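What follows is each chain in one-letter form.
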Amino acid sequence: MGDFVTTRPKAEDPRGAHAHIIKTSDTESENCLPLLNQLITFYSNSNRFSDAVAVFRRIPSPNVVSWTALISGNPNSPLSLLHFISMLRHPTRPNQRTLACLLKTCASLSLVSFGQQVHCYSLKNDLASQPFCASALIHFYAKCRLPDHAHKVFDEIPLRDEVCYSSMVVGLAQNSRPIDALGLFAKMVSENVGSTVYSVSGALNAGADLAALEQCRMIHAHGVVTGLVRAVYVSTGLVSAYGKCGMVLEARRVFDESLSDMNIVGWNALLASYAQQGDKSSVFELFHLAESRGLVPDEFSFLAVLTSLYNAGLADETEQWINRMIVDYDIKPSLEHYTCLVGALGRVGKLDEAERIAMTMPVKPDAGIWRVLLSASATHGAADIAWRMSKRLLELDPYDDSAYVIAANTFSASGRWIEAAEIRKMMNNVRGKKEGGRSWLEVQGEVHVFVSGDNEPKQIEEIYSKLAELMEEIGKLGYVPKWSEMLHDVEEGEKREALSYHSEKLALAFGVLAMPAGKPLRILKNLRICRDCHEAFKYFSRVLEREIIVRDVNRYHRFLNGSCTCGDYW
């Protein structure tokens, strides 16, 4: 067996190794079985699956390693499932590694039912709580968007190792459960369970999703102590995390420290960070630097470029770069790339041209592109176009409340209260419901959640009192509420009260109470920040004499000295 490992030909083609085994070994001998098992894997890794199966079939008595090598050889194909069913008809029983390989296939193909049957088999045969099988089950359920099932498997593992924790942390982060992911990572560290590059990068992704800068810094420190920060997975995660927290200078510092190991994913993470901030010049500087170092831009590189142009409102340049993708780089633009072009045209008021591109582009428009056009129409006060875009959006998603709300707001802003009321009535008839606004603010490593009109958080009376005080102060500076954000032609007092209690305003008031004076306030919002809050935050930055950063669903807004980096367009 050692002879095969040390002396087999170094060529990529496994047939040379196969010939070597035939010449030097008795392939019918039991002693040759380990060599043949390795050969199955060698053929599979070389994408010669039929040859791998041929070797397997020539084994007189395949053992569990033989079957596992065959099943794991083609993990993205239903053939793995057929091989497993064949194995069940054979005297050899699967072990935890066999099931782990099979569950990987179920996860990649989203075969929930089959994966659940494998789970049942693992329970009947006392394999479900063994490390390889358990971590594979967690990964399977998380990948299939069933995080509660994954957590149940995790809770039932008697001895959880670093692989199980990594699978669970990553699974929670990937299923929009960032607070749970960060909590589990903290528990893992407190119980002295070893970290892996996957658990650290998963925790960083969770921190990035919440724009939880202090959490990201603590995870960064942990990565330095454990030495994991040198892994490209972790360094790339740090670049992305600091970028999403609005700390582009820190993202660039991490990037520069790891430059020799950075692949195109890391470069794209920094490109995206600059693009989210609307820093077009840095995007182009970095893009050209990547090319000068021999890296080939991919579709994500171009998405960052187009996003920066979209945020800058440069419609002509956006169209030129779309053409460069196709002609100079042979990259086919995706829906996301065309969305940037449509958005850039909409931003400069070329609504008819934007609509024409959306209707004629080579990819089918989705709900997102109609939302972009709907938002642009609302910005330019084109109520009739906005309603047309709303109807197209509703054809794809009949229960999308934003289609009704934005169109109604646009009619209201035009003083067309009857049309606005009719749209509101239509919304009620289909039981559409506007998604509730939520905002997050991190204070001393703890993430606090706020909901519009909330009465739940601690210190709620102090929060409302501080907010009322701030609203009075900005009123003295000239702040005037943006009534167009209201759907109804109601009394001014009711409008003022409704606008005052938006979640981002509550988060800001809490931050003023809980954080040291002068420290930047970083708020994450699940929806697009409304025009009234955007206007108020410009005044808040003057009253408080501090930087306020809001990351909404569209982009970053950095408020300082009464202005915002978005140029009042988002």
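Everything in this summary refers to the structure shown in the same document.

Calculation criteria
- Residues numbered from 1 in each chain as written.
- Predicted model: local features only at pLDDT ≥ 70, side-chain atom pairs only at ≥ 80, totals over all residues.
- Heavy atoms only, no water.
- Axes fitted to C-alpha atoms, helices over the stretch in contact; angles between N-to-C directions.
- Helix = DSSP H or I, 4+ residues; strand = E, 2+ residues; numbered from the N terminus.
- Parallel < 35°, antiparallel > 145°, perpendicular 65-115°, else oblique.
- Left-handed = near helix turned anticlockwise from the far one by under 90°.
- Contact = heavy atoms within 4.5 Å.
- Nonpolar A, V, L, I, M, F, W, Y, C, P; charged D, E, K, R; others polar.
- Buried < 20%, exposed > 50% of the residue type's maximum accessible area, 1.4 Å probe, protein only.
- Pairing = 2+ DSSP bridges.
- Right-handed = clockwise from strand over helix to strand, strands pointing away.
- Patch = residues over 30% accessible without salt bridge, like charges linked within 9 Å, V, L, I, M, F, W, Y side chains within 5 Å.
- Areas by Shrake-Rupley, 256 points an atom, 1.4 Å probe, with all protein chains shown as cover.
- Salt bridge = Lys/Arg side-chain N within 4 Å of Asp/Glu carboxyl O.
- Core = buried A, V, L, I, M, F, W, Y, C linked by side-chain atoms within 4.5 Å.

This part takes up the packing of helix α11 (residues 162-174) against helix α12 (residues 178-190). At a closest axis distance of 7 Å, the pairing of α11 and α12 adopts a crossing angle of 160°. Classified by the interaxial angle, the pair formed by α11 and α12 is roughly antiparallel. As α11 runs across α12, the sense of the crossing is left-handed. For the pair α11 and α12, contact is made by Y165, M168, V169, L172 and A173 and by P178, D180, A181, L184, F185, K187 and M188, respectively. Per-class residue counts for the contact of α11 with α12 are 10 nonpolar, no polar and 2 charged.

Attention shifts here to the pairing of strand β3 (residues 521-525). Across the 5 residues of β3, 5 count as buried, placing the element largely inside the fold. Direction of pairing for strand β1 (residues 438-443) relative to β3: antiparallel, over a ladder of 3 bridges. Each residue of the ladder has a partner; that of L441, found in β3, is I523. In the classification by handedness, the crossover that spans β3, the intervening helix α30 (residues 531-544) and the parallel strand β4 (residues 548-551) is right-handed.

The next thing to look at is the sheet that holds β3. Strands sit in the order β2-β1-β3-β4-β5-β6 across an open sheet of 6 strands; the sheet is mixed. Looking along the sheet, the strands with just one partner apiece sit at the ends: β2 (446-451) and β6 (563-564). Together, β3, β4, β5 (556-560) and β6 form the strand contacts of α30, whose direction differs from that of β5 by roughly 40°.

To continue, consider a nonpolar patch on the surface. Among the surface-exposed residues, L79, L82 and I85 lie close enough to one another that they form a single nonpolar patch of about 240 Å² accessible area. Tracing the backbone shows L82 in helix α6 (residues 79-88).

We now examine the nonpolar core. Ranked by internal contacts, the top residues of the largest apolar core, which has 144 residues, are V239 and W321. Setting aside chain neighbours within four positions, we find V239 in contact with A251, V254, F255, M262, G266, A269, L270 and S273. In this structure, I529, A536, F537 and L544 belong to the second largest nonpolar core, which totals 33 residues.

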